Amino acid sequence: MRTIGILSLCLALAAASACAAEEAPAAPDVLELKSGERVEGRIVNETEFAYFVAIEGGEQRGIAKTRVKSLKRGAAPAAQPVAEPKAEAPQTPAPPAANPPAGNVPLFPPVKEAPEADELQALVAQLKDLGAPQRDLRAAALKRANDLGFRAVPVLLAMLRPENKQPPELRMGALRALTDLGPLDAQGAVTLGWAAMMEPDPEVRREAARTIRALKEDRAVEWILQFAVRDDARYRTPAALALREINDDRAFATLAGLIPMPTVNAANPGNGPTEVRRVDLPIGPHGTRMPIHLPTSDVIGTVENATSPPAEALKVIAQKDIGSLPGVWIAWLNEKVGTWTREERERSRKESLVNKIGNPHTGQ
């Protein structure tokens, strides 16, 4: 009986030790960063460029590998000598998450200090399929961008920068993703305006204009307008083509309102004799003939504002040359927006001419 009691006591102690060993928490993974910070938690996912660590409170934090000075992976505590080690089935590593959270990874631009290149690549790797030829890959990348939300916006804008040399398909995909992530900040608006003007690929320029139109981004239109009124055609022509693609009638009205009236200064220094010619004018029921005095000597003078940058920009936008007077472009805009028809414009022009010459049949 005494032997049985001792044996029972030993089994009870062994079971208690085994339970304590099972209940002891696993040691955490410890990442020591180059900045001196220590991050403790459990690494739940690892990619080519970053670790994703689960820390207290259920939050997950992404840390670029270039920031890690050393990594100490935690291990389960050793079993007590009195308990046999429990054999565990090998665990299959979890597949990489389709959308690993970005956490506190610094974004670009803007930041006070330039981030490491690998940090950008870690985020670009999640969005690179925005330019994939397969529709399902593009749809999955677009969903990841929407899930990242505002954290993805600086990365998408960085894809449009010429020094990054991304393929045109990816830049177009980034612009489509930005359409769902608006409204943008001031820097994003300027980036869209630049892409609509200066992008080397015409399809990307057209997509940027469509994005500006979809987001109703007035700041981008204002940024383009300042180039449309420049004397330098190297900037004025791309700006006019971008405004043509955006098709904002308010921008066209602004350009038409900025056209100055031409001024002419003429003089006849010789004070020579004049030639008298009689012409028929549509005045009265049967017309009227009246003399017109024309100088016979040379007339000298200057003409100012014969043309202007806003008028030249409107010629590019309308794809036709109807002069450089503000009135003709205002009439063109009225026809474009449907305020006037062509017949109404012609009738208004004729009525205005009759009123100016004082036709007695108009009662004026």
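Check the entry above for the structure.
Residues numbered from 1 in each chain as written. Predicted model: local features only at pLDDT ≥ 70, side-chain atom pairs only at ≥ 80, totals over all residues. Heavy atoms only, no water.

Helix and strand counts for the chain stand at 13 helices and nine strands. Relative to its full complement of 364 residues, the chain shows a buried share of 31%. Of the contacts formed within the chain by residues at least 6 apart in sequence, a portion of 58% connects residues at least 24 apart. Surface accessibility of the chain: about 22800 Å² in total, with carbon and sulfur atoms responsible for 55%. (Helix = DSSP H or I, 4+ residues; strand = E, 2+ residues; numbered from the N terminus. Buried < 20%, exposed > 50% of the residue type's maximum accessible area, 1.4 Å probe, protein only. Contact = heavy atoms within 4.5 Å. Areas by Shrake-Rupley, 256 points an atom, 1.4 Å probe, with all protein chains shown as cover.)

Moving on to helix H10 (residues 249-257). Since one α-helical turn is 3.6 residues long, residues separated by three or four positions face the same way. Here H10 has its buried residues at Ala251, Phe252, Leu255 and Ala256. One face of H10 carries all of its buried residues, which in axial projection span an arc of 140 degrees. Among the exposed residues of H10, those pointing more than 90 degrees away from its buried face are Arg250 and Gly257. In this structure, the buried residues of H10 make contact with helix H8 (218-228), helix H9 (233-246), helix H11 (309-318) and helix H12 (326-337). (Arc of directions from axis to C-beta.)

Tracing the chain through its elements places glycine 149 in the loop between helix H3 (135-148) and helix H4 (153-159). The exposure class of glycine 149 is buried, given its relative accessible area of 17%. On a C-alpha basis, the gap between glycine 149 and glycine 182 in space is 9.6 Å, while along the polypeptide they are 33 residues apart.

A word on the pattern of salt bridges. All told, the structure shown has 18 salt bridges when counted by the stated rule. In this structure, the salt-bridge partner of lysine 65 is glutamate 46, at a minimum N-O distance of 3.0 Å. Placement of the pair is lysine 65 in the loop between strand S4 (60-64) and strand S5 (68-72) and glutamate 46 in strand S2 (residues 38-46), with a sequence separation of 19 residues. Here glutamate 46 falls in the partly exposed class, since its relative accessible area comes to 36%. (Salt bridge = Lys/Arg side-chain N within 4 Å of Asp/Glu carboxyl O.)

This part is about the sheet that holds S2. Reading across from one edge, S4-S3-S2-S1-S5 is the order of the five strands in this open sheet, with antiparallel pairing throughout. If you trace the sheet from one side to the other, it starts and ends with S4 and S5, each paired once. If you compare each strand with its neighbour and ignore which way they point, the axes differ by 45 degrees on average. When S2 meets strand S3 (residues 50-54), the two strands line up antiparallel, connected through four bridges. Each residue of the ladder has a partner; that of isoleucine 43, found in S3, is valine 53. (Pairing = 2+ DSSP bridges. Axes fitted to C-alpha atoms, helices over the stretch in contact; angles between N-to-C directions.)

This part covers the nonpolar core. Counting residues in hydrophobic clusters, the biggest one holds 55 residues, and the most contacted among them are Leu127, Leu156, Leu178, Ile224 and Leu243. Every residue in contact with leucine 178, bar those within four places of it in the chain, is listed here: Val153, Leu156, Leu157, Leu160, Leu184, Leu192 and Leu215. (Core = buried A, V, L, I, M, F, W, Y, C linked by side-chain atoms within 4.5 Å.)

Turning next to H9. For H9, which comprises 14 residues, the first-to-last C-alpha distance of 19 Å matches the rise-based estimate of 20 Å (1.5 Å per residue) to within 8%. As for H9, its buried residues are in contact with helix H6 (186-198), helix H7 (202-215), H8, H10 and H11. (Expected span 1.5 Å × (residues − 1).)

Unlike most non-glycine residues, lysine 165 shows phi in positive territory, near 55 degrees. Assignment of secondary structure puts lysine 165 in the loop between H4 and helix H5 (168-181). Its relative accessible area of 74% is what places lysine 165 among the exposed residues. One non-glycine residue with positive phi stands out, namely asparagine 247, at about 60 degrees. Summarising the element assignment, asparagine 247 is placed in the loop between H9 and H10. Here asparagine 247 falls in the partly exposed class, since its relative accessible area comes to 41%.

Our focus in this paragraph is a nonpolar patch on the surface. On the surface, Met261, Ile322, Leu325 and Val328 cluster together into a nonpolar patch covering about 320 Å² of accessible area. Within the secondary structure, valine 328 sits in helix H12. Overall, the relative accessible area of 31% leaves valine 328 in the partly exposed class. (Patch = residues over 30% accessible without salt bridge, like charges linked within 9 Å, V, L, I, M, F, W, Y side chains within 5 Å.)

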